[in-house]
Amino acid sequence: MVNESVTANPFRLAKRVLPQHTDHGGVMWHGGYVAWLEEARIEALSAIGFPYERFVALGLEMPVVRLEIRYREALRLGDEVLLESWPQPRHGVRWPWTTRVVRAGVCAVEARVDLALVKVGRARRVLRHPPEEVAEVFEVLTGRKAAD
């Protein structure tokens, strides 16, 4: 099921601050980071062979239940950055992800996003115990299990 090796080392995604990410002063708008955080999570899942579409096909979603962003340095139009993103071990029903936005080797932003695994349908419900294939995916991403 999982076909690439992505382990506890962070998944990395290169980005550039584009005009649509900035305010009138050329500084990255604070809300723009949220889209990048999601993109990093989705791309990490795809990199190990479990695209988010598989969650949807299983009748699952992972909505954000908590978001914390610490802005250390402003990013500006044209800055090239690296998003380093990885999930932490599950804590109860929460699936925390940590992401750092690094510019020229310096952490400009740190973020933590807590997700909950939800079964959708007539009645949405939080799953306390994930399906086996979903548990395996997060074991691989957190470095608790080797990729096949």
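Notes on the structure in this doc start here. A quick note: this is a predicted structure, and the numbers were derived from the prediction, not measured.

1. A short note on the packing of aromatic side chains
- In this structure the tally under the stated criterion is 6 aromatic pairs.
- Judged by centre distance (6.2 Å) and plane angle (80°), the rings of Tyr-33 and Trp-36 are edge-to-face. Placement of the pair is Tyr-33 and Trp-36 together in helix H1 (residues 32-47), with a separation of 3 residues, close to one helical turn.
- Taking the relative accessible area as the measure of exposure, Trp-36 reaches 3% and is therefore buried.

2. A look at the side chain of Thr-142
- Looking at the element boundaries, Thr-142 is found in the segment after helix H3 (132-141).
- Residue classification places Thr-142 among the buried residues on the basis of a relative accessible area of 16%.
- For Thr-142, the side chain forms a polar contact with the main-chain oxygen of Phe-138, separated by 2.8 Å.
- Polar contacts involving the side chain of Thr-142 include one to the main-chain carbonyl oxygen of Glu-139, which spans 3.3 Å.

3. Examining H3
- Residues of H3 that are buried include every one of Val-134, Glu-136, Val-137, Phe-138, Val-140 and Leu-141, and no others.
- Its buried side turned inward, H3 meets H1, helix H2 (52-57), strand E2 (60-61), strand E4 (80-87) and strand E5 (94-103).
- Gly-143 occupies a position one or two residues after H3 and carries a positive phi of about 85°.

What counts, and at which threshold
- Each residue is numbered by its place in its chain's sequence as written, counting from 1.
- Where local features are concerned, this predicted model is filtered to residues with pLDDT of at least 70; where side-chain atom pairs are given and counted, the filter is 80 or more; whole-chain, interface and lining totals use all residues.
- Excluded from the side-chain calculation are hydrogens and water; included are all heavy atoms of the structure.
- Aromatic contacts are taken between Phe, Tyr and Trp rings whose centres are within 6.5 Å, Trp giving its six-membered ring; a plane angle under 30 degrees counts as stacked, one over 60 as edge-to-face, and the others as tilted.
- Note on conventions: DSSP H or I runs of at least 4 residues are helices, E runs of at least 2 residues are strands, and numbering of each starts at the N terminus.
- When accessible area is computed with a 1.4 Å probe and restricted to protein chains, residues below 20% of their type maximum are described as buried, those above 50% as exposed, and intermediate ones as partly exposed.
- The term polar contact refers here to a pair of N or O atoms within 3.5 Å; inside protein, the definition further demands a hydrogen-donor-capable atom paired with an acceptor-capable atom, and it admits residues adjacent in sequence only when both atoms are side-chain atoms.
- Here, residues are in contact when the closest pair of their heavy atoms is within 4.5 Å.

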